[in-house]
Amino acid sequence: MRAVESSSDPVSRFASRLLETPALRLLPALQKEVQAMNVLRLNGPQLLPVFTSLGLNVARGWREPAALISRAIRAETDRMMAVEISGLLSSRLALSFFPGVAGGRQAPARAKEELRALIARAAAHPVARSALSGSLAAALSDIIEKYIPPAWERKKYMYVEITRVQRLSLSPADLSDLTRFIVLVRPAAYLYVTPGETLDKDVGYSPLQEQYLLKILPGIASQAPSFPAALLKMGLRSTLAFPGSESVEATSRIGAIMAMRGRALSPSAVVDRGADTPDKSWFNVQRRNARWHGLDDRMLDELYTIAAENGW
């Protein structure tokens, strides 16, 4: 224990520096964490001199000091993530959709704090934390607002699915706000999934079963009583495979795609001359693999077309 305490300050400083390297600086906190953990896992033996310089005991190899640094990285990630979530809930999520789906009622004053607590629970669970990485990245970005208005103007598949099939009467701005809410609730669906000994890279993105979601809904609803169960279900049901579950709401299908897109967002990506733009390339790949990930291929087709038309 004394070795851990004596090295806590330099270890914490090293973890902070690692998370703020130029390659990671523009990423959301959880994506920084993933990349930093990969650095430790892939380069552990080469980092032994660094571990020694931090005053860590390397007598038994690199794994123990790497584990200490991993804990420091997670602690720093949690701190940065709390700041991101506060900013997100105060300035990016208005809950403007609430009256349109809750019989005209405004969202209760405590609603955002309940959502904050639900997100914090997800962040503390290994599988839900993995899901939260893509959701937070999508919610913090402008990816949702980029695509909802053009889809509305086109009045094609996505518009029809939301207005005529799901029968929602929301403006594009309110629908964007609802989609952001859905992607933030989505990780809670994995709160009761038992993690394996090692986390697969796709954990938190694998489709779940409808019976399982029905079983966990009361527990999730009790943690966020300000939100109607139907709203929370949209977030949870964004984890269902499509078309395996034909009744999945259009908003849930959009949320699933946006959470998956958030996982792969790279603010610092540079497009090579002649190469496809990031969104166009991503949607193109995903529409070919839609069934594998349980995504709506017709939605992906439309999003791909919008990306191509706008040079995104």
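Structural data are supplied above this passage.
These figures come from a predicted structure and were not determined experimentally.

Caption draft 1: Geometry of the packing of aromatic side chains. Per the stated rule, a full pass over the model turns up seven aromatic pairs. On the basis of an interplanar angle of 70° and a centroid distance of 4.9 Å, the ring pair of W152 and Y159 is categorised as edge-to-face. You can call Y159 buried: its relative accessible area is 17%. Its guanidinium or amino end placed over the ring of Y304, R287 lies 3.7 Å from that ring's centre, counting from NZ or CZ.

Caption draft 2: Structural detail: the pattern of salt bridges. In the structure shown here, the tally under the stated rule is 20 salt bridges. In this structure, the salt-bridge partner of D279 is K146, at a minimum N-O distance of 2.9 Å. Of this pair, D279 sits in helix α14 (residues 278–288) while K146 is found in helix α8 (residues 143–154), placing the two residues 133 residues apart along the sequence. Residue E249 pairs with R237 through a salt bridge whose shortest N-O separation is 2.8 Å. Of this pair, E249 sits in the loop between α12 (229–236) and α13 (250–264) while R237 is found in the loop between α12 and α13, placing the two residues twelve residues apart along the sequence. As far as the burial class goes, E249 and R237 line up, both buried.

Analysis parameters
- Residues numbered from 1 in each chain as written.
- Predicted model: local features only at pLDDT ≥ 70, side-chain atom pairs only at ≥ 80, totals over all residues.
- Heavy atoms only, no water.
- Phe/Tyr/Trp six-rings, centres within 6.5 Å; stacked < 30°, edge-to-face > 60°.
- Buried < 20%, exposed > 50% of the residue type's maximum accessible area, 1.4 Å probe, protein only.
- Lys NZ or Arg CZ within 6 Å of the ring centre and 35° of its normal.
- Salt bridge = Lys/Arg side-chain N within 4 Å of Asp/Glu carboxyl O.
- Helix = DSSP H or I, 4+ residues; strand = E, 2+ residues; numbered from the N terminus.

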